[in-house]
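For reference, the chains in residue letters:
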Amino acid sequence: MRRLLLVTLLTALAVSAGFAQDSAGGVRPGRNGQFFPVDQVRPGMRAIGYTVFEGSEPQQFEVEILGVLKGFPNPQQSAILSRLLGAKLEHTGVFQGMSGSPVYIDGKLLGAVAFGYQFAKDPIAGITPIQQMIEIFEKQPGSEKGANQPRSVSFSEIAFNEKSAEFVQFVSGGTKSRLQSVSAPGSAPVLMPIATPLSVTGVAPEVVARFAAQFQALGLVPVAGVGGAAAIGPIKPFDEKTLRPGSTVVVPLVRGDFSVAAAGTVTYRDGNRVYAFGHPFLSVGISDFPMNEGEVVTVMSSSATSFKLSIPGEMVGAVKGDRSTGIYGELGSTPRMIPFEIDLRTSRGGKQTYRFEMVSDRFLTPILIQMTTLSAISSTERVIGDSTLQVRGLVQIKGQPDVTFENRLATSMNAPLAAAFAVSQPVNVLLNSGFNDLLIDRVALQITSVDARNKGQLDRLWINRTDVRRGEKLELQAFARTENGGEYVERVIVEVPSDAPLGELKVLVSDGGLLQASEPRTGITPKSLGHLVRELNRLRKTDRLYVRLERVGAGVVINNEELPNLPPSVLATLGSERTVGGYTLTRAALIYEKELPPADFVISGQRTLTINVVN
């Protein structure tokens, strides 16, 4: 009995030494900033670590120091190589979700468990020194947020067409994956950051599998159908027990009817400042992600890499920084999320509504939109077989007009996937535009599904006369043929402008997709956020026809504005050897354009004829 009491007392003293509390309610291991210096670390030293194996209480494990790796993982940084001891770790090895687990020597915080080897028989880990985790987030002079830096936008990135059925990688703006994680298939036998488990709820496993490679490239390993969902709710007040060292910290990327949440371990807390992971989460630098408490269901053992199954708790703050040595969060800070709503009218006349929020991030948000949209559609609609999907979208932006888009896709393969890609593109363009004043207040989608491929082809044109005077009206008939052999006729009244030039004019009837592709204004570098919003709202819809009157003649597009019928002297100047770039030559000048109402089916194709404007 006395032996049992002695063991209990020694354990309590060890825990209290590792979790010293300051008078402000913060948790400071080895208070007054007394961390264990890396230059005093010697092989053979013993240390104590804390992490959660089950529930919410950190549990102790032992650590044997093997040595110090200088210049790892980056120049002027170090990592401490160690062996983790204990029956549980001998069974699981270094597992996903323990990134950030604090390690102490003589009651002083050494750092965070952050690295491991895949398929290792022994639980060998790398520890990131706590000094490196803190110093990287210290604000330096001149580190204020930079000014707007607009990026070029290609209209082809937003095209909604049947080619979208071939899955396109979510990062259209271009990004490089960070250091490959321990769990990535084919990892070399070198020390790597421990991958972060990503608990996904409300999304079918086959949908998660489609996006697994993109997540793994970012060091995240999605686990479908486990854990609990991250709920939408207010921030919880924090106290001295909130996110103490060794406890589980959860970073929800999506919360609500769909939930996508990453889990790690808290390394150090100083007042309302929290440091965790010991390696990058996404390495995005400045961030604004939710920071929640978490509870561990269990640690799943695996011959490849074991992982935690975690349940998100209540939100207590926001992750404000994400760099090479870990993440930094602030308790009591509320992150800005993007509210989403999807109203789906099913092919059987039913209605499903999904409400959720997701983080605002130029790399993550597009793939999260694709995954949630695909899951919403495929949960009730077919993926293979004839299908027509109509998509209407609304993006509300603070201080700007709404961005709206509307299109239909008729195909026999992967219609939900194509629609998911298409609805993400306007948000993708906005988030990658480079404008710091962009704040998306809400995204709403209305999707209607029909179990049929309602599609037709523009066949021919007819016009009641070819000679016409200025201001007169023409009757134009566009004939389209459906796939089942039916014929559709669209009658259009075209009024020749009173200032139309005399001579031949080309009458062009085209679907919006082909017309947009032939547009000389193929891309822009927006001058302002308002300019970008206007251009997005000018994009043509690809499921309907447009009628144009054009005059054949040389012109140019400068700064995304069309200048038709320029004098030969101006064209000669632009085409001289002293002028390179900055303009695009055009061979036709727009006189008139009209958007036709959508038909009962998706019409594609392009036809032209010629009229003559006379006195």
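As a reminder, the structure under discussion sits directly above these lines.
Residues numbered from 1 in each chain as written. Predicted model: local features only at pLDDT ≥ 70, side-chain atom pairs only at ≥ 80, totals over all residues. Heavy atoms only, no water.

1. Considerations on the sheet that holds strand 24 (residues 473–482)
Read across the sheet, four strands follow the order 25-24-22-31 without closing on themselves; strand pairing throughout is mixed. Strands with a single pairing partner mark the edges of an open sheet, and in this sheet they are strand 25 (487–495) and strand 31 (602–604). The average undirected angle you get between the axes of adjacent strands in this sheet is 35°. Direction of pairing for strand 22 (residues 455–463) relative to strand 31: parallel, over a ladder of three bridges. (Pairing = 2+ DSSP bridges. Helix = DSSP H or I, 4+ residues; strand = E, 2+ residues; numbered from the N terminus. Axes fitted to C-alpha atoms, helices over the stretch in contact; angles between N-to-C directions.)

2. So, the environment of V38
Structurally, V38 can be placed in the loop between helix 1 (2–18) and strand 1 (46–51). Residue contacts for V38: discarding those within four places in its chain leaves V68, S78, I80, P129 and Q131. (Contact = heavy atoms within 4.5 Å.)

3. Looking at the pairing of strand 3 (residues 78–85)
In terms of residue burial, strand 3 counts as a mostly covered element, since seven of its eight residues are buried. Where strand 2 (residues 59–70) meets strand 3, eight bridges bridge the pair, whose relative direction is antiparallel. Following the sheet pairing, K70 is matched in strand 3 by S78. Direction of pairing for strand 3 relative to strand 6 (residues 124–129): antiparallel, over a ladder of four bridges. Residue L81 lies in a different strand from strand 6, and its bridge partner there is G126. (Buried < 20%, exposed > 50% of the residue type's maximum accessible area, 1.4 Å probe, protein only.)

4. Thoughts on the pattern of salt bridges
Per the stated rule, a full pass over the model turns up 27 salt bridges. Between R540 and E593 there is a salt bridge whose closest N-O contact spans 3.1 Å. On the criterion of sequence distance, the pair formed by R540 in the loop between helix 8 (529–538) and strand 28 (545–558) and E593 in strand 30 (residues 583–595) is long-range, its members being 53 residues apart. For E593, a relative accessible area of 30% puts it in the partly exposed group. With a closest N to O distance of 2.7 Å, R548 and E593 form a salt bridge. (Salt bridge = Lys/Arg side-chain N within 4 Å of Asp/Glu carboxyl O.)

5. Here we look at the packing of aromatic side chains
Here the structure, examined in full by the defined rule, presents 14 aromatic pairs. For the pair F137 and Y275, a centre-to-centre distance of 6.4 Å together with 45° between the ring planes defines the contact as tilted. Taken together, the positions of F137 in the loop between helix 3 (130–135) and strand 7 (153–154) and Y275 in strand 13 (residues 273–276) put the pair 138 residues apart, joining distant regions of the chain. With respect to class, F137 is no different from Y275; both count as buried. Here F258 and F356 contribute two aromatic rings whose centre-to-centre distance is 5.2 Å and whose plane-to-plane angle is 85°, an arrangement assigned as edge-to-face. Of the two residues, F258 sits in the loop between strand 11 (248–256) and strand 12 (259–270) while F356 sits in strand 18 (residues 351–359), which places them 98 residues apart along the sequence. (Phe/Tyr/Trp six-rings, centres within 6.5 Å; stacked < 30°, edge-to-face > 60°.)

6. Points about the pairing of strand 4 (residues 101–105)
Along any regular strand, the residues point their side chains to alternate faces of the sheet. The buried fraction of strand 4 amounts to five of the five residues, a majority that puts the element mostly inside the structure. In strand 4, alternate side chains face the same way, and those of S101, V103 and I105 on one face and P102 and Y104 on the other are all buried. Relative to strand 4, strand 1 is paired through two bridges, and the arrangement is antiparallel. Residue pairing in the sheet places G49 in a bridge with V103 of strand 4. Pairing between strand 4 and strand 5 (residues 108–116): five bridges, direction antiparallel. By the bridge assignment for strand 5, Y104 is matched with L109. With antiparallel pairing between neighbouring strands as the criterion, strand 4 and strand 5 make up a hairpin whose turn holds two residues, including D106 at a positive phi of roughly 55°.

7. Section: the packing of helix 5 (residues 364–378) against helix 6 (residues 415–431)
At a closest axis distance of 8 Å, the pairing of helix 5 and helix 6 adopts a crossing angle of 150°. As summarised for this structure, helix 5 and helix 6 are arranged roughly antiparallel, according to the angle between their axes. Note that helix 5 runs across helix 6; the crossing there is right-handed. Every residue of helix 6 that contacts helix 5 at T365, P366, I369, Q370, T373, L374 and I377 is listed here: P416, L417, A419, A420, F421, V423, S424, V427, N428 and L431. In terms of residue class, the contact of helix 5 with helix 6 is made up of twelve nonpolar, five polar and no charged. (Parallel < 35°, antiparallel > 145°, perpendicular 65-115°, else oblique. Left-handed = near helix turned anticlockwise from the far one by under 90°. Nonpolar A, V, L, I, M, F, W, Y, C, P; charged D, E, K, R; others polar.)

Just geometry here; none of it tells us what the structure is for.
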